[in-house]
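Tertiary structure, described
This is what each chain is made of:
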Amino acid sequence: MMFRNSLKLLCANFDKVWKLLVYQILSIAIYFALLCVFFNQYLGIITNAINQSGLASVTNTGVFLGSKLADGLTSAVDFVLIFFRDLFTTNVGYGIYFCILTFYFLPLLLNIGRVVMCEMLYGFMSSCQKQSFTGTFLKTLKTSLAYSSLKVLYAIPFNFLILLSMWALTRVDNYAFDYIMPFAFVIVPSLFMAFKETFNAGWAPAKVVYNQNIAKSFGIGMRAVLRRGARVFSTAFIIFLLAIVLSMVLGLYSIIIILPLVSPLVHIFEMVVFFSSQGMRFYVDTDTILSPKKLEEVDKIEDAKYII
């Protein structure tokens, strides 16, 4: 039900998807513009990493569509490892600058877009109201900056587990495992991403709906999501599983289409989860209002003190 309602809202708010996509493209453009300060240094390291990892031959032979998927995934992970090794070996300053931009600045910008998207969705879901992206961005900039700054730091352990799982899968040296690895590479990261989403899903919606401080919004969001924790986890798992499978089946270039759709779908899913868990009525399209169960119908007696 959550997945279906999220898809309905995605279709009903596709204009917001384009606006978010433009914002994300601009954010990525700013990120690359800042990286270009050391363009020649990074280009040399990237070229060397591609040659050493064999990634060029992998993409040229279309391995992501063939039977040698395990080799392709291993080469991709090797490329990342060689790149960071050479980056910090060449110049520690280059490495620190790259890591700050990649692991903090870019996610910071993208999370600001998350708050803007949630704010616009709140207007639509609560009263079928349309809001401009720019106006909402300026209105929420102060709070979205505070939220995004903490959200990036909070997400680091989850992202580390996801990357560690992908690295560990490519380090298994077993011929038989090569046939299992494509399935494991889809399922294991999807599980970790669903786990991350379960503990992140309610934060931004709670901030937008109740307009509390960052810490209190996190507590409200966690209580809301954990009321339906198993359903949230399973639905998030399906979303990420489908995204990874489609990317691998359709090839690398499909990521250009899939990723821009997955991001707003996840934002919409978070709002649906929060509204449903709080027993709040909401529009799924301009003609349909959904009425979830009230809090007193889904909460246990001992949880009654948490009703907001």
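Basis of the calculations
- Residues numbered from 1 in each chain as written.
- Predicted model: local features only at pLDDT ≥ 70, side-chain atom pairs only at ≥ 80, totals over all residues.
- Heavy atoms only, no water.
- Patch = residues over 30% accessible without salt bridge, like charges linked within 9 Å, V, L, I, M, F, W, Y side chains within 5 Å.
- Areas by Shrake-Rupley, 256 points an atom, 1.4 Å probe, with all protein chains shown as cover.
- Salt bridge = Lys/Arg side-chain N within 4 Å of Asp/Glu carboxyl O.
- Helix = DSSP H or I, 4+ residues; strand = E, 2+ residues; numbered from the N terminus.
- Expected span 1.5 Å × (residues − 1).
- Buried < 20%, exposed > 50% of the residue type's maximum accessible area, 1.4 Å probe, protein only.
- Polar contact = N/O pair within 3.5 Å; in protein donor to acceptor, adjacent residues only side chain to side chain.
- Phe/Tyr/Trp six-rings, centres within 6.5 Å; stacked < 30°, edge-to-face > 60°.
- pLDDT = per-residue confidence, 0-100.
- Contact = heavy atoms within 4.5 Å.

1. A short note on a nonpolar patch on the surface
There is a patch of nonpolar side chains on the surface, built from Phe14, Trp18, Ile256, Ile257 and Leu261 and spanning about 530 Å² of accessible area. Going through the elements one at a time, helix H2 (14-35) and helix H12 (255-278) are the ones with two or more residues in the nonpolar patch. Looking at the nonpolar patch, the element that brings in the most residues is H12, giving three residues. Topologically, Trp18 is positioned in helix H2.

2. Points about helix H10 (residues 214-226)
Between its terminal C-alpha atoms H10 stretches 18 Å, which fits the 18 Å expected from 13 residues at 1.5 Å a residue. What H10 keeps buried is the set Ile214, Ser217, Ile220, Gly221, Met222, Ala224 and Val225. N-cap assignment for H10: the residue whose side-chain oxygen lies 3.2 Å from the backbone N of Ala215 is Asn213.

3. Let's talk about the packing of aromatic side chains
Enumeration over the complete set of coordinates arrives at 25 aromatic pairs. Judged by centre distance (5.1 Å) and plane angle (65°), the ring pair of Phe83 and Phe98 falls under edge-to-face. With Phe83 in helix H5 (residues 69-90) and Phe98 in helix H6 (residues 92-127), this residue pair connects regions lying 15 residues apart in the sequence. In terms of burial, Phe83 and Phe98 fall into one category: buried. A ring pair is formed by Phe158 and Phe199, whose centres lie 6.4 Å apart and whose planes are at 25°; its orientation type is stacked. With Phe158 in helix H7 (residues 133-170) and Phe199 in the loop between helix H8 (177-198) and helix H9 (203-210), this pair connects stretches of sequence that are 41 residues apart. With relative accessibility at 12%, the residue Phe158 sits in the buried group. Using a relative accessible area of 26% as the deciding quantity, one classes Phe199 as partly exposed.

4. Re the confidence of the model for the protein chain
Looking at the protein chain, the pLDDT average stands at 84 and 88% of residues meet or exceed 70. For the stretch residues 61-67, pLDDT sits under 50, and the model shows 14 contacts to residues farther than four places along the chain or on other chains. Within the model, pLDDT remains below 50 along residues 296-308, and this stretch shows 13 contacts once partners closer than five positions in the same chain are excluded.

5. So, the pattern of salt bridges
One pass over the full model with this rule turns up five salt bridges. Between Lys130 and Asp15 there is a salt bridge, with the nearest N and O atoms lying 3.8 Å from each other. One end of the pair, Lys130, is in the loop between H6 and H7; the other, Asp15, is in helix H2, with 115 residues separating them in the sequence. Judged by its relative accessible area of 48%, Lys130 falls in the partly exposed class. Ionic pairing is found between Asp78 and Arg171, a salt bridge with its closest N-O pair at 2.7 Å. Here Asp78 is found in helix H5, whereas its partner Arg171 is found in the loop between H7 and H8, with 93 residues between them in sequence. Its relative accessible area of 33% is what places Arg171 among the partly exposed residues.

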